[in-house]
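Remarks on the overall topology
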Amino acid sequence: MSKDTYYITTPIYYPSDRLHIGHAYTTVIADALARYHRFLGKKVLFITGSDDHGQKIEKIAASRGVTPKEYVDGIVATFRQLWTRLNISYDDFIRTTDERHQRVVQEVFQRIYDRGDIYKGYYEGWYCTPCEAFWLESKLEDHKCPDCGRPVELLREEAYYFRISKYADRLLAYIEENPDFIQPASRKNEMVQFIKSGLEDLCVTRTGFSWGVPVPMAPGHVIYVWFDALTNYLTGCGYLQDEELFKTFWPADLHLVGKEITRFHTIIWPIILMALDLELPRQVFGHGWLLLDSDKMSKSKGNVVDPNELIDEFGADAIRYFLLREISFGSDGNFSVEALIQRINADLANDLGNLLHRSLSMIKKYFDGVIPTPGPEEELDRDLRTMAERTCQTVDRHLEQLEINEALEAIWAFIGRTNKYVDESAPWNVAKAEDRERLARIMYNLGEALRLIAQLVWPFIPTTAERMLQQLGVKEEFSVKHRQWGGLKPETATNPAEPLFPRIDIKEREAALAAKEASKAETEASKPEEEFISIEDFQKVKLRVGKVIQAGPHPNADRLLVLKVDLGDEVRQVVAGIAQHYAPEDLVGKRVVVVANLKPSKLRGEISEGMVLAAVDGKDLGLITVDKDLPAGSIVR
Ligand code: ME8
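A brief look at the structure comes next. Owing to the predicted nature of the structure, the values given are computational and were not obtained by experimental measurement. (Residues numbered from 1 in each chain as written. Predicted model: local features only at pLDDT ≥ 70, side-chain atom pairs only at ≥ 80, totals over all residues. Heavy atoms only, no water.)

What to know about the overall build of the protein
To keep things clear, this is the line we draw: Under the scheme used here, helices are H or I runs from DSSP no shorter than 4 residues and strands are E runs no shorter than 2 residues, and both carry numbers assigned from the N terminus. Three exposure classes are used, based on accessible area relative to the maximum for each residue type with a 1.4 Å probe and protein chains only: buried under 20%, partly exposed in between, and exposed over 50%. In this description, contact between two residues means that some pair of their heavy atoms is separated by no more than 4.5 Å. For this count, His and the chain ends are skipped, Lys and Arg are scored as positive, and Asp and Glu as negative. Where a charge lies is defined by one atom per residue type, namely NZ (Lys), CZ (Arg), CG (Asp) and CD (Glu).
Counting secondary structure elements, the protein contains 21 helices and 25 strands. Its C-alpha atoms put the protein at 105 × 70 × 45 Å along the principal axes. Buried positions account for 53% of the 637 residues belonging to the protein. Put simply, 74% of the contacts in the protein that link residues at least 6 apart link residues at least 24 apart. Treating the 79 positive side-chain charges of the protein as one cloud and the 97 negative ones as another, the clouds have centres 1 Å apart.

Written as structure tokens, this is what we have:
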């Protein structure tokens, strides 16, 4: 397949929280592939982004007392910072809140509706809010979400349905005819089973919350978050907006996703495309999970590793290398700092770093730091050259099959071979014998092997590759054009050798960490007992003026009242334990003080999205009200 374009995507991540190393895993792989295809001379489109909408995000924002947009803006900024720090060379970043994207989603929805594949009905079903997914009763496990194991809720509402059942046979035929469409093969079998067990039409709208793309023909409804999110792959390549871009890149070559969302990408997504009469992506790859202590890392379990801390300590390339090399692509793999340090020490500091350092030192010593004109090639040299050429082919073959860790293994085998070449050619003996021609050949070969290694590792560890070429004094772009033996020009002036990766002494590191912990504990212990809170502590509590617009008894509790409180830009339901002190009708119109960023919770079956403040004296209680006619939503401070 020698197409001259390549379109690759990552999932667009939820900005419900900061990203962890699992998200970095997918994105680093996508970046390495994007760089590799650019290296081959292709025109590449690599997109990532953020999945800004959905009920979960709306709820989190409410609990923090900010608007959903304010909330996601803050988190999405941390996505972009992380990608910059990891050298992720994305071409575009799609946010589902972008206007350009919302236009596409609405148009896609309208087109599918116009052809009769979206229709109006009623939804009653089990919904998992954290996963934003509806489930058939038969798919629940022990009445819980089969993906995350959390409780599901029964919902009934007017809704629009997508006739996906109609496309099941066509999809099955497509999967049969295109064996590479779903990879790895084990996931393909799972998906085929899933489709054969019966596809039900999919509910693609929601009511009850507003943080989503409005349904064009039904005010008050928003488009289901997955319908919205998947469409980003069309927005990203200019669908309905930039015909030239779309013609160049669609269909996508590779949607890279974690295995848990393969179902959305290989069933719902292709059916959306069929309903639009568009070509299907060439491949969806559902990779395995990065585990921590053999358990899936996830924000809700709280067992996540922050990639920023790892970059601070070890640098971006070490993290990239570890993620790409350690885990057999497609399978699950464990993350541990010990394994990371081992890779850094063995592969990066020792094999690669030492080879560069010792080679440059010898070139400096024997030829004043200038690459010499090589003497005749001997068998040992031919061996090295042949292996270099073979390595390039092996790497290409592995990357064609997305065997990323194996591509790196092949490069490291060549690095190992080059280290062995130093020992076998024994330049120190040749120098002693004053065989300048032979010595020149050996030094040239070392410089050339290193130049090729830099070209080969660039897609994976780009900063290291750049530093290698800089030290070698080579000024050339990273491109397959330069990945040929013999490209190094004699007379090139090399630069002083600098270590690429410092070796990490595990014992020293542990001692330093222990000392840091101890000094932290000491500082804590020596602090006087806190009698005061700081102004920052106080400011964490967001207090607002709320106008009570409705009040009534709680259906299941005599002491509680259920209030509807206007906070200016939204109305909240608040459950308050004041039934013995106030009649509901006396409350309507009162201006009370509400804690606006309290985590919502259910009180005897009724959701409470805040708290009203009251003064208490023994059994007596009085609500805190506002002395002046200030508008609802005013800040209390
Ligand atoms: O699912 N190991 O977003 P999300 C490996 N918004 N990869 C992991 C991982 C782990 N432990 N944890 C996360 C969503 N990932 C939707 C996507 S796309 C149209 C919409 C990676 O923030 C992996 O790629 O939950 C996984 O599929 C993705 O992050 C889930 O990110």
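Further notes follow.
As for the sheet that holds strand 14 (residues 295–296)
Within a sheet, each strand pairs with its neighbour through backbone hydrogen bonds, oriented either parallel or antiparallel. Threshold: Two strands pair if DSSP finds at least two bridges between them.
Strands sit in the order 14-13-15 across an open sheet of 3 strands; the sheet is mixed. Each end of this open sheet is capped by a strand with a single partner; those strands are strand 14 and strand 15 (333–334). Of the pairings in the sheet, the one linking strand 13 (residues 290–292) to strand 15 comprises 2 bridges and is parallel in character. Its bridge partner lying in strand 15, Leu291 is registered against Asn334.

Side note on the pattern of salt bridges
Under the convention used in this document: The salt bridge criterion pairs a side-chain nitrogen of Lys or Arg with a carboxyl oxygen of Asp or Glu, the two atoms within 4 Å.
Counted according to the given criterion, the structure contains 37 salt bridges. Its salt-bridge partner being Asp312, residue Arg85 comes within 2.7 Å of it at the nearest N-O pair. Highlighted residues: Arg85 in helix 3 (residues 68–85) and Asp312 in helix 11 (residues 307–314), separated in sequence by 227 residues. Asp312 gets classed as exposed once you look at its relative accessible area, which sits at 57%. For Asp332, the salt bridge identified is with Lys259, shortest N-O distance 3.0 Å. With Asp332 in the loop between helix 12 (316–326) and strand 15 and Lys259 in the loop between strand 11 (254–258) and helix 10 (262–275), this residue pair connects regions lying 73 residues apart in the sequence.

As for the side chain of Thr464
Position of Thr464 relative to the elements: it lies in helix 18 (residues 462–472). Ignoring anything within four residues of it in the chain, the contact list for Thr464 reads Asp317, Leu352, Leu500 and Phe501.

Thoughts on the nonpolar core
Burial of nonpolar side chains together is a common tendency in soluble globular proteins. Here is the rule we go by: We define a nonpolar core as any set of buried Ala, Val, Leu, Ile, Met, Phe, Trp, Tyr and Cys residues linked to one another through side-chain atoms lying within 4.5 Å.
Ranked by internal contacts, the top residues of the largest apolar core, which has 113 residues, are Ile21, Trp83 and Trp412. With 14 residues, the single largest contributor to this core is helix 13 (residues 337–367). Residues contacting Ile21, with those up to four places away along its chain left out, are Leu290, Met297, Val305, Pro307, Leu310, Ile319, Leu323 and Phe335.

Overview of the sheet that holds strand 6 (residues 153–162)
Here 4 strands make up an open sheet; going across it, the order is 5-4-6-8 and the pairing antiparallel. Either end of the sheet is taken by a strand with one partner, and the two such strands are strand 5 (133–135) and strand 8 (202–203). Bridging between strand 4 (residues 118–128) and strand 5 involves 3 bridges; their strand directions are antiparallel. By the bridge assignment, Tyr127 is partnered in strand 5 with Phe134.

Here we look at the packing of helix 13 against helix 15 (residues 404–425)
Our working definition: Orientation is described by axes fitted as lines to C-alpha atoms, over the contacting stretch for helices, and by angles from 0 to 180 degrees between their N-to-C directions. Put simply, angles under 35 degrees are roughly parallel, angles over 145 are roughly antiparallel, angles from 65 to 115 are roughly perpendicular, and the rest are oblique. For any pair of crossing helices, the crossing counts as left-handed if the nearer helix is rotated counterclockwise from the farther one by less than a right angle, and right-handed if it is rotated clockwise. Three categories are distinguished: nonpolar for Ala, Val, Leu, Ile, Met, Phe, Trp, Tyr, Cys and Pro, charged for Asp, Glu, Lys and Arg, and polar for the others, with Gly belonging to the last.
For the pair helix 13 and helix 15, interaxial distance at closest approach is 10 Å and the crossing angle is 40°. If you check the angle between helix 13 and helix 15, you find them oblique. Crossing hand, helix 13 versus helix 15: left-handed. Only Trp412, Ile415, Thr418, Asn419, Val422 and Asp423 of helix 15 make contact with helix 13, whose side of the interface consists of Asp347, Leu348, Asp351, Leu352, Leu355, Arg358 and Met362. Grouping the constituent residues of the contact of helix 13 with helix 15 by class yields 7 nonpolar, 2 polar and 4 charged.

Here's the deal with the packing of aromatic side chains
To be explicit about the condition: Planes of paired rings set the category: under 30 degrees apart is stacked, over 60 is edge-to-face and the rest tilted, where pairs are Phe, Tyr or Trp rings (Trp by its six-membered ring) whose centres lie within 6.5 Å.
Within this structure, the stated rule accounts for 19 aromatic pairs. Residues Phe285 and Phe329 carry aromatic rings whose centres are separated by 4.4 Å and whose planes lie at 10° to one another, so their mutual orientation is stacked. Pair noted here: Phe285 is in strand 12 (residues 284–287) and Phe329 is in the loop between helix 12 and strand 15, with a separation of 44 residues, a long-range link. A relative accessible area of 6% means that Phe285 is categorised as buried. Residue classification places Phe329 among the buried positions, given a relative accessible area of 12%. When the ring of Trp458 is compared with that of Phe478, the centres are 5.4 Å apart and the planes differ by 5°; the resulting orientation is stacked. With Trp458 in the loop between helix 17 (436–457) and helix 18 and Phe478 in the loop between helix 18 and helix 19 (506–526), this pair connects stretches of sequence that are 20 residues apart. Per residue, the accessibility class of Trp458 equals that of Phe478, and both read buried. Among the aromatic residues, those joined into a ring-pair cluster are Tyr7, Tyr233, Tyr239, Phe246, Phe249, Trp250 and Trp269.

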